[in-house]
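Chain residues, written in single-letter form:
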Amino acid sequence: MRRPIELSVNGVTEEVYVEPWWTLARVLRDELGLTGTKVSCETGDCGACTVNIDGRAVRSCIYPVMKAVGKKIVTIEGLSGEDDSLHPLQQAFLDHFAVQCGYCTPGMVMSANALLQENPHPTEAEIKEGLKGNLCRCTGYNKIIQAVAAAASASAPNKEN
Amino acid sequence: MAEFAYVGRSVPKVDARAKVLGKTKFVSEEGIGFPGMLYGKVLFSPHAHARIVKIDTSKAAAVRGVRAVLTGKDVPETRVGMLIDDRHILCREIVRFVGDPVACVAAESEDAAAEAVRLIEVEYEILPAIFDAEAAMAPDCPVVIHPDLPAYNRPLYAYMGKDLPGPNVHTHHKVRKGDVDRAFAEADFIVENRYECDRITHCQMEPYNSVCYPQTDGTATVWTSARLHETHDPLLQAFGLNPSQLRTRTSYQGGMFGMIGRPERFTLLLAQKTGRPVKMVYTREENFIEGLNRLAEIVYVKDGLKKDGTIVAREIKGIVNTGAYTHHGPLVIRNGAFHASQYRLPNYRWDAYGIYTNTPACGPLRGFGSAEVIWATEQHMDLDARAVGMDPIEFRLLNTPDAGERDVRGTLVTCIGAKRCLKIVSDRIEWGEPSDQPAESHIKVGKGIALANKYSMADTASSVILDMKPDGVLEISHGGDDCGQGLNTVLTQIAAEQFSVPMEMVRIVWGDSWRSPYDFGTASSRSTLYIGNALIKACDDAKRQIRELAAKKLGMDDGDIEVGKGGFWLRDNPEKVFPMSFLSLANHPEARGTVKGATCLEESAGIRGTGVFWGHPGAEDPETGQGERLAISYSYGAQAAEVAVDTETGVVKILRLYSAFDTGKTMHPTMCEAQHEGGMVQGIGSALYEGFIFDEAGVLMNPNLHDYKVCSTGDVPSGDDLWVALVEDPHPEGPYGAKGTGESAMCPTASAVANAIYNAVGVRLTQLPMTPERVLAALKEQRGDSRTDAAT
């Protein structure tokens, strides 16, 4: 039986009717239309579904939606500003050609965002460690690592998220 | 070479901004929240080989919300296929691998569909199964997977099905050149070995998915997350439809690597039966089982050598396990022979056999035949070099042909940057200098190199339509695919260059079988060369029309008019650019405001240029495999790897991987470099981690991204240790000299790594992937033997 819950997503409180066993990814995509969050493996192995919950990187494809109640969820849609102004990480991904097919990109950016909030100036090894749970089949990671390093050195991460 | 404003420059990637915002609509987003949507699910066979005795769908049909439960009796009787028609949409009598589709369901929710699939009751009579290709190949193999094979229709390459040596052999492809036996008899050295590669899969991040919308006029629109035409054409065949009865659409794909659409046949079938839209997204497990994965191959190589280091003969026998159905298999097998263009081989014999087994069906994957064979031949080149006492690089250089020579198949070598590439990577890895060894004595470091080529087939065509809009915007319609490699960016660069307009003035329309002009599709490393050329022709055509119309209107000669900058100008007055609207009917002096807003021209509805580029393939002799023009281009290149082998654990770590490839002309340096980096890392995955593991009953044991390991950031070199050089040896027929390069970077990686492992610890791994278990086993065997190649 569906039940109403409130979720805080990208700074907005949303009321949704969910089955209690649903994953957060399913609710974000199918109920809230936030399709920037991708689903790829459904077992928490690839990181495409990564969102930030209370500032930490979380795989929303295996995260029960009920567990997200009362927490601050940020998705890729919440990272950019008004009029689609890009977050420094998004800008860095663009500038460094860290995007090919783009299916892993939202999850990758959200993992990087959590990483930079915890460690604003990571070494290359720390970036690689921080992104280890996000698979990309197109880029070979080099440009992604460069993008995250550039974002870290260019500006402080957005502490609000 | 001329300087260009857009071509050859790392301009912004046209699709990247929407992608970083999470706003790109992939096909997996199609149909979310669409009213009346049904969800499809497939029941797969749990047995590797069995007869379907009875199917009871009554419990499944009774599940609340279920709208259709379909089985083999609901699908067309005609078998379909890509090159051999050997398969039904749903199994009718026999299941031939664990995962063969038996039934499909459409329901109001995904949960109901899954529940219904669980409740379908199938009674099977188990049949003996066979998994090993060499055993299945035997003339007296007791298991015959397709008893009706001789009667199957072969729409293409029929000659590859003659004189087959066993009932499970569906393909035999031959290449013959010179007198191989005599050359072996006269050779100073003979080097033989056997190589093997396990099955791997694409692991594109966007799972296979599809939506089908039935239309009120009896047509249907099917969305695919795979290639447009490679999905559209088989659906027409399978369902007996005309092109105007089915509209196939796609978007930016979330990765490709050769994968072929899978759920579309089920969404279309279910939509036809229910009259409702149907959406299907495969689970990752279904991606592994139903995906047409890279085939498993055994390659026997025998080389004859002279003391001076020249290769006088090569014989290759390939035994290719294509699984239970062929799909692209025969073509993958045939195209493996393109590897031979890499070297000067005066005598050559190639026999490649395609074998049915009770394993999942195979298909194309980045490298399409080349990567599997090069895995064998580039290790073998190191064995050869040892046999003749030469340095592996020197040996390769000696046997590499030059432009102007004919390759083994008879195709003219037009441009070949192989030697330059080899020098670049060997210099960078300091070839000849021994690797620094770490303090821990159980870690051994070594270097290896490999050459590779990747063909682009000549027997394909592309077409492009270019519309010049009244505001000067150029609209390109093409039938290719942008799976992230950057095709739309490259086409935008070309059009902007051709018309001297900013890239913002170019827009791309693609991915719609009713709107996009014909294309073979994004495959065979062909899009830049074929679609790029077709676009340039379309630009020329549009410019000619504009010149003619403008000249007529202005009372001048065509030759007085120059086209570009969003309009046109008179040759002697380049400062005054006439807008395109100058030619519109609205601006006709006699219109006097009566056709205000009319954007059509007096003579036509608009400026529309068209262009077609066809590879003009030469015929292939079925007995010798010889043909004047079988490939249109080859991307040649080299890679050098430095690896560390832990002799206690068997773990191999790639310390450095350098790559140099000949692109003809690099259209976009950073995107090209990025694509190569991705190919190298996919190559590392195939070298060390990726491989299907089956149990003794043919069940795939690792169909997920946890047990089937794709490289993560922790597994690969980065920064300057993952390094790409792009060499430009212009292709005479390429747009701006460019040729395809998408697949090539993956082709030499596994051999370069294997050669580096040999250099580090003196063992030769001949089976992919080179897992710690296999490395340890080889080291153990070595402790019993001496530090030599088994084959020499």
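Keep in mind that what you see is a predicted model, and the values were worked out from it rather than measured.

In this section: the overall build of chain A. Tallying secondary structure elements over chain A gives five helices and five strands in all. Overall, chain A shows an N-to-C arrangement of helices and strands of β-β-α-β-β-β-α-α-α-α. A compact globule built from 161 residues would reach a C-alpha radius of gyration of about 15 Å, and chain A, at 15 Å, matches this within 12%. Counted over contacts in chain A with a minimum sequence separation of 6, partners at least 24 positions apart contribute 58%.

With an omega of -5°, the peptide bond between B:L768 and B:P769 qualifies as cis. Positive phi outside glycine occurs at A:Y141, with the angle close to 80°. Relative to the helices and strands, A:Y141 is located in the loop between α4 (124–130) and α5 (142–154). A positive phi is found at B:Y157, a non-glycine position, where the angle reads about 50°. Position of B:Y157 among the secondary structure elements: in the loop between α4 (133–136) and β7 (169–177).

Bringing the pairing of strand β20 (residues 474–478) of chain B into the picture now. Residues and elements named next belong to chain B. In terms of burial, β20 is largely enclosed, as four of its five residues are buried. Bridge analysis of strand β19 (residues 461–468) against β20 gives five bridges, and the strand direction is antiparallel. Its bridge partner being in β20, V464 is matched across the sheet by H478. Between β19 and the antiparallel strand that follows it, β20, lie five residues; G472 among them carries a positive phi value of about 90°. Handedness of the β20-helix α13 (residues 487–499)-strand β21 (residues 506–510) crossover: right-handed.

All names here are of chain B. When the domains of chain B are assigned, the result is domain 1 (27–127 + 203–290), domain 2 (293–458 + 619–784) and domain 3 (460–614). Computed from C-alpha coordinates alone, the two centres of domain 1 and domain 2 are separated by 35 Å. Contacts between the two partners involve 21 residues from domain 1, matched on the other side by 25 residues from domain 2. Looking at the side of domain 1 that touches domain 2 residue by residue, the classes come out as eleven nonpolar, four polar and six charged.

Moving on, we come to helix α16 (residues 749–761) of chain B. Helix length check: α16(B), at 13 residues, gives a terminal C-alpha distance of 18 Å against a target of 18 Å (1.5 Å per residue), a fit within 8%. Directly beyond the C-terminal end of α16(B), a positive phi value near 75° is found at B:G762.

Here we come to the domain arrangement of chain A. Residues and elements named next belong to chain A. Split into domains, chain A comes out as domain 1 (3–78) and domain 2 (82–154). On a C-alpha basis, the centres of domain 1 and domain 2 stand 20 Å from each other. Listed per partner, the contact involves 15 residues of domain 1 and 13 residues of domain 2. Going through the elements one at a time, β3 (50–53) and β4 (56–59) are the ones with two or more residues in the side of domain 1 that touches domain 2. No other element matches β3, which puts three residues into the side of domain 1 that touches domain 2. When the residues that make up the side of domain 1 that touches domain 2 are grouped by side-chain class, the tally is six nonpolar, seven polar and two charged.

Okay, the nonpolar core next. Residues and elements named next belong to chain B. With 292 residues, the main nonpolar core has V105, L535, V753 and I757 as its most contacted residues. Considering every element that reaches this core, the biggest residue donor is helix α14 (residues 527–554), with twelve residues. In this structure V753 touches G448, A641, V643, I654, A687 and M770, once residues within four positions along its chain are discounted.

All names here are of chain B. The four strands are arranged β21-β20-β19-β25 in an open sheet whose pairing can be described as mixed. At either end of the open sheet lies a strand with only one pairing partner, and these are β21 and β25 (607–614). Each neighbouring strand pair of the sheet contributes to a mean axis angle of 20°, computed without reference to strand direction. Bridge count for β19 against β25 is eight bridges, and the pairing is antiparallel. Paired with D467 across the strands is R608, a residue of β25. Running over the sheet, α13 touches β20 and β21 and is turned about 135° from β21. Helix-sheet contacts for α14 involve β19, β20 and β25, and the interaxial angle to β25 is about 145°.

Below, the discussion takes up the interface of chain A and chain B. In this assembly, 43 residues from chain A lie in contact with 48 residues from chain B. Taken together, the elements giving at least two residues each to the side of chain A that touches chain B come down to α1 (24–31), α2 (88–95), α3 (105–118), α4 and α5 of chain A. Within the side of chain A that touches chain B, the residues separate by chemical class into 19 nonpolar, 13 polar and eleven charged.

Further remarks concern the environment of B:C415. Residue and element names in this part refer to chain B. Along the chain, the position of C415 falls in the loop between α11 (392–399) and α12 (418–428). Accessibility expressed as a C-beta count within 10 Å gives 19 for C415, which makes it partly exposed. Residues C415 and S635 lie 220 residues apart in sequence; the distance between their C-alpha atoms is 9.1 Å. Those residues in contact with C415, other than ones at most four positions away along the chain, are A403, G664, D729, P730 and H731.

Reading the values: rules and limits
- Residues numbered from 1 in each chain as written.
- Chains lettered and ligands numbered in written order.
- Predicted model: local features only at pLDDT ≥ 70, side-chain atom pairs only at ≥ 80, totals over all residues.
- Helix = DSSP H or I, 4+ residues; strand = E, 2+ residues; numbered from the N terminus.
- Rg over C-alpha atoms; globule rule 2.2 N^0.38 Å.
- Contact = placed C-beta atoms within 7 Å.
- Buried ≥ 20, exposed ≤ 12 C-beta atoms within 10 Å, placed from the backbone.
- Pairing = 2+ DSSP bridges.
- Right-handed = clockwise from strand over helix to strand, strands pointing away.
- Domains from an automatic or database assignment.
- Nonpolar A, V, L, I, M, F, W, Y, C, P; charged D, E, K, R; others polar.
- Expected span 1.5 Å × (residues − 1).
- Core = buried A, V, L, I, M, F, W, Y, C linked by C-beta atoms within 7 Å.
- Axes fitted to C-alpha atoms, helices over the stretch in contact; angles between N-to-C directions.

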